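# What the coordinates show
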Amino acid sequence: MYNDPILLCFYNILQSFIFLHANTIKTLECTHSSPSSIIQRFPSDHKIPLPQNFMGNARFIPALTVAVLLLNFVVSFSTKITTNISTDQSALLALKAHVIDRQNLLTTNWSSAFNICKWIGVTCGSRHRRVIALDLSNMSLSGIVPPHIGNLSSLTWLNMRNNNFHGSLPVQLVNLHRLKYIRLSFNSFFGEIPPWFGSFPRLQYLSLSYNNFIGLFECKELQDIDLADNSLEGILPKEIGNLTMLNTLHLHNNMIEGIPEQIGDLLNLETFGLSSNQLKGHLPSSIGNLTCLRILKLYNNSLTGIIPHQIGNLVNLEIFNIHSNMLKGHLPSFNNLTRLRTLRLFNNSLTGDIPITLGNLRDLQVLDISDNDLSGTLSSSKISFLSSLANCTDLSFLSLGRNPSISGYLPSSMGNDLLVSLQYFYAWSCNISGNIPGEIGNLTDLVVLDLSDNNLVGSIPTTLTRLKHIQWLDLSSNFLSGPLQIEIGNWNVVEYVDFSGNHFSGAIPDKVCDRNNDLRYLAFSGNLLAGILPRSLINCGELVVFNVVDNKLSDTFPHWLGMLPKLRVLILRSNRFHGSIQSSIPTSFFSKLQIIDLSHNHFTGLLTTQFFQNLKALKKVEYRNGSYWYNVNVTVKGLELEFPITVRKPIFTTIDLSMNGFHGEIPEVVGELSLLQALNLSHNNLIGPIPPSFGNLVAVESLDLSFNKLTGKIPSQLTNLTFLAVLKFQNNNLVGPIPHGKQFDTFDNDSYRGNWGLCGFPLSKQCSNDERLAKDEEGNGNGIAFIWKVAVMGYGCGMVLGISMAYIVFTTGKPQWLVRMIEKDLQNKVSSWFQKKRN
């Protein structure tokens, strides 16, 4: 009998069917095949017994034929399903054997003890119960894809995204003719994209992004291609125009150099991304044929020429991003792009007037035309591009920065009927003049306001306190004046405030941080501020950068700022701070500082060991979560340079205590600051030797100890400083030979002038023998010098002992054995000498 329960059930039904109809059908009407031949289709040991009048049932034959054929199909189908499921199971187990499963997702679940259709990531079809989808995304799997996967012949969906598969793709994948969806992005596959990818007859979606593939291929049925973040290079092939069904094409972050004119044949294309490649030359005008295009991203390339006017044909365009290229010429007309929401053209070389027709783009939300050479007026006294933007009621991002030909003054209509939805307003490095209108305080959704590096005058309007959502306020490098009446403490979420480079006077407001807030960057540098630092600063628990350089502040050292747990930059340069820094400082204070500039003040007293011991961030790299990036200016290597400060790790580290009245010796503990890149202790009254521990400052690039009263020799350990680029030891009382080797051979006389006791290269003064010997002893190390001293002492002691023993021996004649041995040895030597003379 049949072992399969489905066949057994069907056999019983069929047998009942035959006997129920045997006595009711009288004549045979079908002569195409005999009943016996039909019955022979069954196995010989399972023939159905026929009734006696079977041959007389004419109408029974067609029904019987259908039933028997159906039974035969079920037998065949059941056998095929069993075979194919077994094949699918073997293919998946082979895949499991080729991967490392760190999360143990497949280890226990993918087992023959479970139904394959219940395995994790496996989906079977409802009709044939074959594997139709395999989703192994985000499982932290690593390994290769074995050729056995090509046996999953019913597979339509393959997703292995975000794992660590590597190697090349097996050619057996070409057997998966039913594939419609392939997603292998965020892995480590490499090699050429197999040309047989083009033979998938039903493939619609392909994502191979974030791998190391090279090459391209053609597949006419494809609708979505994502090959971003690979190693594709060269010019896109002309054959790309054959992908007429293509809807999405992502090729970001590759090394593609050109776009062919045939790109205009992709009439169904809606998304086209070629950003961060190596595109050169002009943008093809045929791109104007892509009237279905909604998203066009070509930023971070080297495109030249003008933006073709055919761009105006893309009536469905919503996002146009072509920033950071080398485009020039005037802006084309965007009148027809009524659906445009984002227009980013910054960092090019575009010229000419900003067209007032931008105001016709009523759906515009983002407009960034900064870093060009565009011109226009902001004033409301005549028609201006800014006033035309009143029609763009959804505009939330406007950046005009670094267009020096944009001039005029900010209209008072800002905040009333103009830019009412604005959240981000960047207008730095333009030619904006006049006052800051009080009405700008009505833009209550503002998150960023950057008006730095302009010609603004007057005072800061108190209405800015209405900006409850402000996070970034930069008014630096203008001509603003008057007292700072703003209470920054009213801004709950502000992170960045820069009032530097103006003419503000009076004191820093007491309520600058009258309660806890998110303030991280606070700068008042380059003003006329006086008085003391407000003690409310200790409430700024998130503060990272505090900069008051070049004011008239008069206060003692603010050791209480050490309470700020995240403070990384403290710049008090060029003020009237005074007194010592010897106050008792808890060990937890200033532990995150990486830039300390107290130069050009009136500090006095000793350099305390405790202060330098607290600087833990200069001893060990500390990585932290979070994100910010601020730029600060510090004087290093004789120049004022700009350095970035990040939350994750120190990018630049410096200590500048120059131009003060510090005295005493330099603490040895300074040599423990192994991450320090610049140290300036010049123009003080420091005495004593240069600590040999400075040889441990392995990251230092600039070392300035000039104009002090340091004595002794330059430690040879300083030759270990292989990054040293600037060395200033001028005008001290240093003596002895200058160390040589490595970086010390690159410095000239200027590094040592004013030290009359120094000698040797690069100075013209030669070292004496005593100095040279001392140099050799120091150069060979204290251990070797000590050994030579011991040896000399040993030879001296031995000589004295030998002479004494000889005198005793030859005056007393005892001991006799020693006398006889010496006499015999002398006789032998005398005899040998005479023998040589005779010969």
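Not measured: the values here are computed from a predicted model.

### Notes on the overall build of the chain
Each helix and strand in the chain was counted, giving 8 helices and 53 strands. The 839 residues of the chain split such that 48% are buried. Here the analysis covers contacts within the chain between residues at least 6 apart in sequence; of these, 54% occur between residues at least 24 apart. Here the chain has roughly 38,900 Å² of accessible surface; of this, 54% comes from carbon and sulfur atoms.

### Details of the nonpolar core
Within soluble globular proteins, side chains that are nonpolar generally end up buried alongside one another. Within the largest apolar cluster, 190 residues are counted, with the highest numbers of intra-cluster contacts made by Leu 134, Phe 272, Phe 320, Phe 425, Phe 524 and Phe 546. Within the residue set of this core, elements represented by two or more residues are helix H3 (60-97), strand E2 (122-124), strand E3 (131-135), helix H4 (385-388) and helix H5 (609-613). Top element by residues in this core is H3. It accounts for 3 residues. By size, the runner-up hydrophobic cluster in this structure holds 9 residues, among which are Tyr 496, Tyr 521, Ala 523 and Val 544.

### Quick word on the state of the cysteines
Simply put, the disulfide is a covalent bond whose two ends are the sulfur atoms of two cysteines. Taken as a whole, this structure holds 3 disulfides when the rule is applied. The disulfide bridge from Cys 513 ends at Cys 540, spanning 1.5 Å between sulfur atoms. A torsion of 75° about the S-S bond marks the disulfide between Cys 513 and Cys 540 as right-handed. With Cys 513 in the loop between strand E34 (503-506) and strand E35 (521-523) and Cys 540 in the loop between strand E36 (528-531) and strand E37 (545-547), this residue pair connects regions lying 27 residues apart in the sequence. Each member of the pair, Cys 513 as well as Cys 540, carries the same accessibility label: buried. For Cys 759, the disulfide goes to Cys 767, at an S-S distance of 2.1 Å.

### Digging into the environment of Gly 526
Mapping Gly 526 onto the fold places it in the loop between E35 and E36. Expressed as a C-alpha distance, the spacing of Gly 526 and Lys 552, which sit 26 residues apart in the sequence, is 9.6 Å. Excluding residues within four positions of it along the chain, Gly 526 makes contact with Gly 501, Asn 502, Val 549, Asp 550 and Asn 551.

### Looking at the packing of aromatic side chains
The final tally for this structure, using the stated rule, is 24 aromatic pairs. Measuring from centroid to centroid gives 4.2 Å for Tyr 496 and Tyr 521, while their planes differ by 10°, and the two rings are stacked. In this pair, Tyr 496 sits in strand E33 (residues 496-498) while Tyr 521 sits in strand E35, placing the two residues 25 residues apart along the sequence. Here Tyr 496 and Tyr 521 have matching classes, each one buried. These aromatic residues form a ring-pair network of at least three members: Phe 557, Phe 577, Phe 590, Phe 603, Phe 611, Phe 612 and Phe 662. Positioned above the aromatic ring of Phe 397, the side-chain terminus of Arg 344 is 5.2 Å from the ring centre.

### Re the pairing of E36
Within a regular strand, side chains alternate between the sheet's two faces. Here 2 bridges tie E34 to E36, and the two strands are oriented parallel to one another. Residue pairing in the sheet places Gly 506 in a bridge with Leu 529 of E36. Two elements, E36 and strand E38 (residues 552-553), share 2 bridges in a ladder whose sense is parallel. In the sheet register, Gly 531 faces E38, and the bridge partner there is Leu 553.

### Details of the UniProt feature "domain: Leucine-rich repeat-containing N-terminal plant-type" (unreviewed entry) in the chain
Following the UniProt record, one finds the feature "domain: Leucine-rich repeat-containing N-terminal plant-type" (unreviewed entry) at residues 86-124. Regarding residues 86-124, the helix share stands at 31% and the strand share at 15%, and the terminal C-alpha atoms are separated by 13 Å.

### Some remarks on the sheet that holds strand E24 (residues 373-377)
Within the open sheet, the 10 strands sit side by side as E20-E22-E24-E26-E28-E30-E32-E34-E36-E38. Their pairing is parallel. Strands at the two margins of the open sheet, each flanked by one partner only, are strand E20 (328-329) and E38.

### What about the sheet that holds strand E6 (residues 164-167)?
Backbone-to-backbone hydrogen bonds pair the strands of a sheet. The strands run either parallel or antiparallel. Across the sheet, 5 strands lie side by side as E1-E4-E6-E8-E10; this open sheet has mixed pairing. Each edge of the open sheet carries a strand with a single partner, namely strand E1 (99-101) and strand E10 (212-214). Each strand axis lies, on average, 20° off the axis of its neighbour in the sheet, ignoring direction. Summarising the sheet, strand E4 (residues 141-143) and E6 pair through 2 bridges and their orientation is parallel. Residue Gly 143 lies in a different strand from E6, and its bridge partner there is Phe 165.

### Quick word on the pairing of strand E32 (residues 479-483)
Pairing geometry for strand E30 (residues 455-458) and E32, over 2 bridges, is parallel. By the bridge assignment, Val 457 is partnered in E32 with Phe 479. One ladder, built from 3 bridges, connects E32 with E34; its direction is parallel. Each bridged residue has a counterpart across the sheet, and for Ser 481 the counterpart in E34 is His 503.

Definitions and cut-offs
Residues numbered from 1 in each chain as written. Predicted model: local features only at pLDDT ≥ 70, side-chain atom pairs only at ≥ 80, totals over all residues. Heavy atoms only, no water. Helix = DSSP H or I, 4+ residues; strand = E, 2+ residues; numbered from the N terminus. Buried < 20%, exposed > 50% of the residue type's maximum accessible area, 1.4 Å probe, protein only. Contact = heavy atoms within 4.5 Å. Areas by Shrake-Rupley, 256 points an atom, 1.4 Å probe, with all protein chains shown as cover. Core = buried A, V, L, I, M, F, W, Y, C linked by side-chain atoms within 4.5 Å. Disulfide = S-S within 2.5 Å. Phe/Tyr/Trp six-rings, centres within 6.5 Å; stacked < 30°, edge-to-face > 60°. Lys NZ or Arg CZ within 6 Å of the ring centre and 35° of its normal. Pairing = 2+ DSSP bridges. UniProt positions renumbered as here; feature names shortened; annotations may be inferred. Axes fitted to C-alpha atoms, helices over the stretch in contact; angles between N-to-C directions.

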